[in-house]
Number of protein chains: 2
Amino acid sequence: MARTTGSHSDITGPRLRQAALELFAAHGFAAVSMRQIAARVGVQAGALYNYTPDKQTLLFNLMQDHMLELLDAFRDDPDAPPPQRLAHFVRFHIQYHFDRPDAVFISYMELRNLSPENFTAIETLRRAYENKLEAILSAGVARGDFTVQDPKIASFAVIAMLTGVNTWFKSGGRLTLGDVQARYWDMVRNCVGAG
Amino acid sequence: MARTTGSHSDITGPRLRQAALELFAAHGFAAVSMRQIAARVGVQAGALYNYTPDKQTLLFNLMQDHMLELLDAFRDDPDAPPPQRLAHFVRFHIQYHFDRPDAVFISYMELRNLSPENFTAIETLRRAYENKLEAILSAGVARGDFTVQDPKIASFAVIAMLTGVNTWFKSGGRLTLGDVQARYWDMVRNCVGAG
DNA sequence: GTCTATATAGTGATAGAC
DNA sequence: GTCTATCACTATATAGAC
């Protein structure tokens, strides 16, 4: 029973989010029109404005939710040995980002299309995530577990390296994601001098 | 003497390229109009079509020239010891990318906006660059200089890590670019197990 | 809540005068 | 080679009917 009009609030909201995520990731925020999104959702363009005040806010909410969920999902144990905490970060980051390629891609690529206030908000969240890794590295350096010179720079280097997995890894090839996690853990461990 | 009309072919061409580079990097290809570019160049929009058949070709040429210049600028010595070749790659990559932030940014971010044929052409050039690093790593593994398990994956990891410098480094801060090059060389050397 | 219709503005690209 | 003017479309967002 394909209704073409009427009330669908409980399904249109999530469908809008999903459609926007996919289309923004595939073509870029500026290249996607509200009409294209509406077509994928299965409504007319005007109906989308029951769910978002404008296109900019739609983008911001996608990015903000992604960052908040990322921060919430990463569980660090400050009392565990730093090498163990770092190993967990590496495996977590690769797995979490692999599971959400569209949200990850948008949150990297569309920063330019945020209004200044929205940009600042997202950058603050991103920095909070980077700081979690930096804290692990600093703790390890303080205890003599790691020999890396500059934990701040090392945190940038490690995150860039790990996020890069999304640009080339496809499941079904010669390596499983577990293989990739193991190889990156080897490289990261060496990188920070964790014997 | 500010001429507002007439023949400027020798200056408009370069100015178009530079204006497009800056605007695409700042706002994204899809978000920038030919009129905006023309305004920065100092001509009317119609005049741009004396220099490019269309907007898509303009983007493609910027990216292709960047990749060709990158490939041409990197000088590897296959007879040198792999650790020395790797050290050179690290320093070169950081310096070259730091000097061309706009072209680098575009060549990463605007792949989605290329036509399929143009995308393939740019990807081929990018792969050629990655292969240069992989060749160094493989040579080092063969000689026992490096212990990295998988040179292909390591080349992705190293390039992602090095390119990431452009997202955070600003000159005039606590570190010079030379400092950054030294710290990344330390990390890369450790990463691939080059004692 | 979704529809149709529309206001207002902007888009890439082209034609022809100079 | 650049200009002005324009074509044919598309954009975001809103108003009011249902």
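Look a little higher up for the structure.
Predicted model only: the values in this text are computed from it and were never measured. For every chain, the first residue of the written sequence is number 1, and numbering continues from 1 onward in sequence order. Numbering of ligands from 1 and lettering of chains from A proceed in the order in which they are written. The model is predicted, so local features are restricted to residues of pLDDT at least 70 and side-chain atom pairs to those at 80 or more, both for listing and for counting; the totals for chains, interfaces and linings are taken over all residues. Note: side-chain values were computed over all heavy atoms of the structure, leaving out hydrogens and water.

**So, the relation of the copies chain A and chain B**
- Superposition of the copies used a least-squares fit over C-alpha atoms from residues whose pLDDT is at least 70 in both. Superposing chain A onto chain B requires a rotation of 180° together with a translation of 0.0 Å along the rotation axis, leaving an RMSD of 0.0 Å. The superposition of one copy onto the other is thereby described by a two-fold rotation axis.
- By residue overlap, the copies meet face to face through one surface: 100% of the interface positions of chain A are interface positions in chain B. The contact definition used throughout considers only heavy atoms, calling two residues in contact when any of these lie within 4.5 Å.

**Notes on the packing of aromatic side chains**
- Stacked, tilted and edge-to-face are the three classes applied to pairs of Phe, Tyr and Trp rings, where Trp contributes its six-membered ring and a pair requires centres within 6.5 Å; stacked means planes under 30 degrees apart, edge-to-face means over 60, and tilted covers the rest. One pass over the full model with this rule turns up 18 aromatic pairs over all chains.
- A centroid spacing of 5.2 Å and a plane angle of 45° characterise the contact between Phe74(A) and Phe92(A), whose relative ring orientation is tilted. One end of the pair, Phe74(A), is in the loop between α3 (55-73) and α4 (82-99); the other, Phe92(A), is in helix α4, with 18 residues separating them in the sequence.
- Partly exposed residues are those whose accessible area sits between 20% and 50% of the maximum for their type, while under 20% is buried and over 50% is exposed, using a 1.4 Å probe and protein chains only. Look at Phe92(A) and you get buried, because its relative accessible area is 12%.
- Every member of this aromatic cluster is reached through a ring pair, and the members are Phe74(A), Phe89(A), Phe92(A), Tyr96(A) and Tyr129(A).
- Arg126(B) extends its terminal NZ or CZ atom over the ring of Tyr108(B), reaching a point 5.0 Å from the ring centre. Helix numbers and strand numbers start at the N terminus; a helix is a DSSP run of H or I with at least 4 residues, a strand a run of E with at least 2. In this analysis the charged atom, NZ for Lys or CZ for Arg, is taken to sit over a ring once it is within 6 Å of the ring centre and within 35 degrees of the ring normal.

**So, the pattern of salt bridges**
- One side-chain nitrogen of Lys or Arg within 4 Å of one carboxyl oxygen of Asp or Glu is enough to make a salt bridge. Per the stated rule, a full pass over the model turns up 22 salt bridges over all chains.
- The salt bridge partner of Arg174(B) is Asp150(A), with a shortest N-O separation of 2.8 Å. Note that Arg174(B) is positioned in the loop between α8 (165-168) and α9 (177-191) and Asp150(A) in the loop between α6 (116-143) and α7 (151-163), a pairing that runs across two chains.
- Exposure remark for Arg174(B): the relative accessible area of 61% places this residue in the exposed category.
- Judged by relative accessible area, Asp150(A) falls into the buried class, the value being 8%.
- When the shortest N-O distance is used, the salt bridge between Arg17(B) and Asp65(B) registers 3.1 Å. Separated by 48 residues along the polypeptide, Arg17(B) in helix α1 (residues 9-27) and Asp65(B) in helix α3 (residues 55-73) bring together distant segments of the chain.
- Note on Arg17(B): relative accessible area 34%, which makes it partly exposed.
- Looking at Asp65(B), the relative accessible area reads 24%, which means it is partly exposed.
- Connected through salt bridges with shared partners, the residues Asp150(A), Arg174(B) and Arg183(B) form a single ionic network.

**Examining the interface of chain A and chain B**
- At the interface, 34 residues of chain A touch 34 residues of chain B.
- Put simply, buried area is the surface a 1.4 Å probe can reach on two separate parts but cannot reach once they are joined, added for both. Interface area, chain A with chain B, both sides summed: about 2,700 Å², of which 62% is carbon and sulfur.
- By the criterion of area lost to chain B, the three top residues of chain A are Arg112(A), Ile153(A) and Met187(A), representing 25% of everything that side buries.
- Taken together, chain A and chain B are joined by six salt bridges.
- The partner of Asp150(B) in a salt bridge is Arg183(A), and the shortest N-O contact between them spans 4.0 Å.
- A 3.5 Å cut-off defines polar contacts: any pair of N or O atoms within that distance qualifies, except that in protein one atom must be a possible hydrogen donor and the other a possible acceptor, and neighbouring residues in sequence count only when both atoms are side-chain atoms. Counting every contact that joins chain A to chain B gives twelve residue pairs in polar contact (both at pLDDT 80 or more).
- Elements with a minimum of two residues in the side of chain A that touches chain B: α1 (9-27), α5 (101-109), α7 and α9 (177-191) of chain A.
- With seven residues, α7(A) is the single largest residue contributor to the side of chain A that touches chain B.
- Its residues assigned to classes, the side of chain A that touches chain B comprises 20 nonpolar, seven polar and seven charged. Under the scheme applied, nonpolar residues are Ala, Val, Leu, Ile, Met, Phe, Trp, Tyr, Cys and Pro; charged residues are Asp, Glu, Lys and Arg; polar residues are all the others, including Gly.

Structural measurements only, silent on function.
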